[in-house]
Amino acid sequence: MADDAPLTLRHLIGGEWIDAPAEREVRSPSDLSELVALQPDGGVEEVEAAVAAARAAQPAWADASPELRSDVLDRAGTLLLERKDRIGRLLAREEGKTLAEAVGETARAGRVLKYFAGEALRRHGQNLESVRPAVEVQTYRQAVGVFGLITPWNFPIAIPAWKAAPALAFGNAVVMKPAGTTPATAAALAEVLVEAGLPKGVFGLVIGPGRVGAAIAAHRDIDGVSFTGSQGVGAQVAAACMARQARVQLEMGGKNPLVVLDDADLDRAVSVALDGAFFATGQRCTASSRLIVQEGVHDRFVEALAERARALKVGHALDPETQMGPVANASQLEQNLDYVRIAQAEGGRLVCGGERTQGRTDGLYMTPAILSETTPDMRINREEVFGPVASIIRVRTYEEALEAANASVFGLSSGICTTSLKHARHFQRYSRAGMVMVNLPTAGVDYHVPFGGTKGSSYGPREQGFAAVEFYTQTKTAYSFAG
Ligand SMILES: NC(=O)C1=CN([C@@H]2O[C@H](COP(=O)(O)OP(=O)(O)OC[C@H]3O[C@@H](n4cnc5c(N)ncnc54)[C@H](OP(=O)(O)O)[C@@H]3O)[C@@H](O)[C@H]2O)C=CC1
Ligand SMILES: O=C(O)CCC(=O)C(=O)O
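Residues numbered from 1 in each chain as written. Chains lettered and ligands numbered in written order. Predicted model: local features only at pLDDT ≥ 70, side-chain atom pairs only at ≥ 80, totals over all residues. Heavy atoms only, no water.

In the annotation of an unreviewed UniProt entry, the chain is listed under the name Aldehyde dehydrogenase family protein and assigned to Peiella sedimenti. Recorded under Sequence similarities (unreviewed entry), the UniProt text for the chain is reproduced unchanged: "Belongs to the aldehyde dehydrogenase family." (UniProt positions renumbered as here; feature names shortened; annotations may be inferred.)

Caption draft 1: Region of interest: the overall build of the chain. From N to C terminus, the chain includes 15 helices and 25 strands. Taking 483 residues into account, the globule formula puts the C-alpha radius of gyration at 23 Å, and the chain, at 23 Å, falls close to it. Oriented by its inertia axes, the alpha-carbon framework of the chain measures out at about 70 × 60 × 40 Å. Across the chain, the fraction of contacts at a sequence separation of at least 24, relative to all contacts at a separation of at least 6, is 72%. As displayed, the chain offers around 19,200 Å² of accessible surface, 51% of which is attributable to carbon and sulfur atoms. For the chain, the separation between the mean place of its 49 positive charges and that of its 56 negative charges on side chains is 4 Å. (Helix = DSSP H or I, 4+ residues; strand = E, 2+ residues; numbered from the N terminus. Rg over C-alpha atoms; globule rule 2.2 N^0.38 Å. Contact = heavy atoms within 4.5 Å. Areas by Shrake-Rupley, 256 points an atom, 1.4 Å probe, with all protein chains shown as cover. Lys, Arg positive; Asp, Glu negative; His and termini not counted. Charge placed at Lys NZ, Arg CZ, Asp CG, Glu CD.)

Caption draft 2: Spatial organisation of the layout of surface pockets. Considering only enclosed or pocket space, the largest pocket measures out at about 850 Å³ in volume. The wall of the largest pocket is formed by 37 residues, among which Trp153, Phe227, Gly229, Ser230 and Val233 lie closest to the centre. At the level of secondary structure, the elements contributing two or more residues to the lining of the largest pocket comprise α7 (210-218), β11 (224-228), α8 (231-243) and α11 (330-345). The element that contributes the greatest number of residues to the lining of the largest pocket is α8, accounting for six residues. Along the lines of polarity and charge, the residues of the lining of the largest pocket split into 17 nonpolar, 17 polar and three charged. Counting contributing residues, the lining of the largest pocket receives three or more from each of domain 1 (7-252 + 457-480) and domain 2 (256-438). Counted as a void, the second largest pocket has a volume near 470 Å³. Breaking the lining of the second largest pocket down by element, the ones donating at least two residues are β1 (7-8), α3 (84-95) and α6 (183-195). (1 Å grid on protein atoms, 1.4 Å probe; cavity = no way out; pocket = protein on both sides within 12 Å on 5 of 7 lines; lining within 4 Å. Points joined across faces, edges and corners; volume = space filled by probe spheres on them. Nonpolar A, V, L, I, M, F, W, Y, C, P; charged D, E, K, R; others polar. Domains from an automatic or database assignment.)

Caption draft 3: Local environment of the site of ligand 2. Close to ligand 2 lie Arg108, Asn154, Phe155, Ile159, Trp162, Arg284, Cys285, Thr286, Ala443, Gly444, Val445 and Phe451, which account for all nearby residues. Separating an oxygen atom of ligand 2 from a backbone N or O atom of Val445 is a distance of 3.1 Å. Burial of ligand 2 by the protein amounts to 99% of the accessible area it has alone, namely 300 Å². Looking at the shell around ligand 2 residue by residue, the classes come out as seven nonpolar, three polar and two charged. Split by domain, the residues of the shell around ligand 2 number at least three in each of domain 1 (7-252 + 457-480) and domain 2 (256-438). (Near = heavy atom within 4 Å. Polar contact = N/O pair within 3.5 Å; in protein donor to acceptor, adjacent residues only side chain to side chain.)

Caption draft 4: Inspection of the domain arrangement of the chain at higher detail. The domains assigned to the chain are domain 1 (7-252 + 457-480) and domain 2 (256-438). A separation of 31 Å is found between the C-alpha centroids of domain 1 and domain 2. Taken together, the two surfaces of domain 1 and domain 2 that pack against each other cover about 2,000 Å², and 57% of this comes from carbon and sulfur. Three residues, Ser30, Trp153 and Ser457, lead the burial of domain 1 against domain 2; their summed loss comes to 26% of the area buried on that side. Linking domain 1 to domain 2 there are zero salt bridges. The tally of links from domain 1 across to domain 2 stands at 11 residue pairs in polar contact (both at pLDDT 80 or more). (Buried area = accessible area lost by both parts, 1.4 Å probe. Salt bridge = Lys/Arg side-chain N within 4 Å of Asp/Glu carboxyl O.)

What follows is the structure, encoded as structure tokens:
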């Protein structure tokens, strides 16, 4: 039997789990009567203590053999993979992803840790010929110091893992503030890092409201901050970091277009759109929220997608039949329903869904919404909803589709469904997004390649894979006379 007893969460400071008054409840969005955890209300004092411990521990961690750092990350990755069912269940209960999605995310976090175990050992410097005789030049990648990580609720273990793992692999220490909606899953990551043998102080976890993130962003002893969340908070974090010349990396939202051309394989296009728009309850910054459909296939596509969306089983995250879990928190649910109303008021036609529903339990459920007859200038096509709400824009030509796809202040991910190599190649080249998919959903990316967007979606160097070395290291250029 699974042990679903409520957890009492603690901060991790200086390698010790610190008891603190349990101030706030974390309730399951699948069933608000279920208490998942009690969390403390950390603040400036806890951030000060965690940063001081991280600062003290970081030099020895940076000077340790890369093999040691690699082993710790590898062990932590193994622990996550071994516990993916247990931690995935906690994630599903806390955030509302289906159990399959949550177990998959936990496994993905384990793989991320293992990938960066390898990166810790890889050569990132260079030996070069000098332009001067008898002079040698080398470049080194060195640790930066202490990183603050501010993470969101929608990927409560994968995002903390893909920020923490490269920071640690390259010899930095970390102080992390998880989202208030999902602190228990983030604490599970901290637990495996401790169990894997991470030296005390190298990883700190401070649980609390937004002021913890603000204290991290402003802290003079934090050398860089990686943030994922909303544009508004991202801008505040960036301003605080720039005011003291700290590094900053922001991953914010998307308004990701999926173009469907007349020549697309219709079944595939419908499956791609359904996955991109509604899986993980649409709560992915990479979700396909704008479906830009050429007129020859438009009506058949809308009808087929609506049929599949109506058939999606919305329900409790732990029910094996469920295909779409609840919305993660009440304010997000309100925001989703508001946008359905806004789109209708703007002239959009509600094809299906968009309703608050009751499941067998008292959860935050809504049906997946499709709105047709929308235009690029409408708010529904300009602002991020972050829920299971997709709007359809009808276009005449590929050129019009590309223009509509690029008409956004965001530029994270984009996709096209077509059997035309010419259009696929052109779209890959001219779509103004950081990630471009052909006949694939805009969401659901690999962990070993760069992740990030253009325009208002991202700021700073790319995250993940081999690109992560840019943000989490600094380059030193060393000259020596060899005569
Ligand atoms: N992956 C993505 O791109 C995500 C995008 N979003 C977008 O943001 C919208 C709102 O979601 P929300 O969760 O409120 O996102 P936020 O940007 O508010 O939260 C992201 C993280 O920042 C923290 N935070 C809140 N206020 C501050 C502050 N002043 N300084 C520093 N850190 C702070 C949050 O803590 P706490 O949770 O305690 O408030 C959380 O850990 C969504 O509807 C969606 O549009 C949200 C999540 C992920
Ligand atoms: O699409 C993915 O796999 C990742 C999405 C993501 O990082 C996010 O929604 O924050």
